[in-house]
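Structure assessment
Listed here are the chains, written in short residue letters.
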Amino acid sequence: MKVLLQIILTGIIVLVLSNILGGVYVSDFFTAIVVAAILALLNIFVKPILLILTLPVTVVTFGLFLLVINALIILMADGLVDAFRVDGFWWAVLFSILLSFLQSIIFSVAERSGRR
């Protein structure tokens, strides 16, 4: 149940960010939910492989290369979902930064309210 709630909240964040950012487009809420699910799957299966392969570069850049990896994950989701579009690498970087920031805030608030 917790994973489903996280996917729904991420879908809402994706939809909000697509309305704010000019280079990110999502057609509707269902597509945003699909994008959230695809991002979750890519983060589970593809991201660890990319982290291992790029570990030396990540260490040398003090972790800043993780922004590139996150942007690549966003661009992979762009390629997998037709109704989701990101207009380039820098839009993907900005989208991933804002998505991570908003997810951390919303998930921590949801977790705190669930404990009460």
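Named according to an unreviewed UniProt entry, the protein is Phage holin family protein originating from Psychroflexus longus.

Take the overall build of the protein next. Counting secondary structure elements, the protein contains six helices and two strands. Relative to the globule expectation of 13 Å for 116 residues, the C-alpha radius of gyration of the protein, 14 Å, shows essentially globular dimensions. By its C-alpha atoms, the protein is 40 × 35 × 25 Å across when sized along the principal axes. Within the protein, contacts between residues at least 6 apart in sequence are counted, and of these 61% link residues at least 24 apart. Total accessible area on the protein is roughly 7200 Å²; 74% of this is exposed by carbon and sulfur atoms.

Attention shifts here to the packing of helix 1 (residues 2-20) against helix 6 (residues 89-115). Close contact between helix 1 and helix 6 brings their axes to 10 Å; oriented N to C, the two are set at 135°. Overall, the two elements helix 1 and helix 6 adopt an arrangement that is oblique. For the crossing formed where helix 1 meets helix 6, the hand is right-handed. Between helix 1, through Gln 6, Leu 9, Thr 10, Ile 13, Val 14 and Leu 17, and helix 6, the contact on the second element is made entirely by Phe 95, Leu 98, Leu 99, Leu 102, Gln 103, Ile 106, Phe 107 and Ala 110. Along the lines of polarity and charge, the residues of the contact of helix 1 with helix 6 split into 11 nonpolar, three polar and no charged.

Rules used throughout
- Per chain, the residues get numbers from 1 upward, laid out in the order the sequence is written.
- In keeping with the model being predicted, local features are shown solely for residues with a pLDDT of at least 70 and side-chain atom pairs are shown and tallied solely at 80 or more, while totals for entire chains, interfaces and linings include all residues.
- With hydrogens and water set aside, each side-chain value is computed from the structure's full complement of heavy atoms.
- Put simply, DSSP H or I for four residues or longer makes a helix, DSSP E for two residues or longer makes a strand, and each gets a number counted from the N terminus.
- Here the radius of gyration uses the C-alpha set of atoms, whereas the globule reference equals 2.2 Å times the residue count to the power 0.38.
- Here a residue-residue contact requires only that any non-hydrogen atoms of the pair lie within 4.5 Å.
- In these tables, accessible area is a Shrake-Rupley quantity obtained with a 1.4 Å probe, and a residue counts as shielded only by the protein chains included in the view.
- Every axis corresponds to a line fitted to the C-alpha atoms, with the helix fit spanning only the stretch in contact, and the corresponding angles, defined between N-to-C directions, vary from 0 to 180 degrees.
- What sets the label is the angle itself: under 35 degrees gives roughly parallel, over 145 gives roughly antiparallel, 65 to 115 gives roughly perpendicular, and the rest give oblique.
- Throughout, a crossing is termed right-handed when the near helix is turned clockwise from the far one, and left-handed when it is turned anticlockwise from it by less than a right angle.
- Each residue gets one label: Ala, Val, Leu, Ile, Met, Phe, Trp, Tyr, Cys and Pro are nonpolar, Asp, Glu, Lys and Arg are charged, and the others, such as Gly, are polar.

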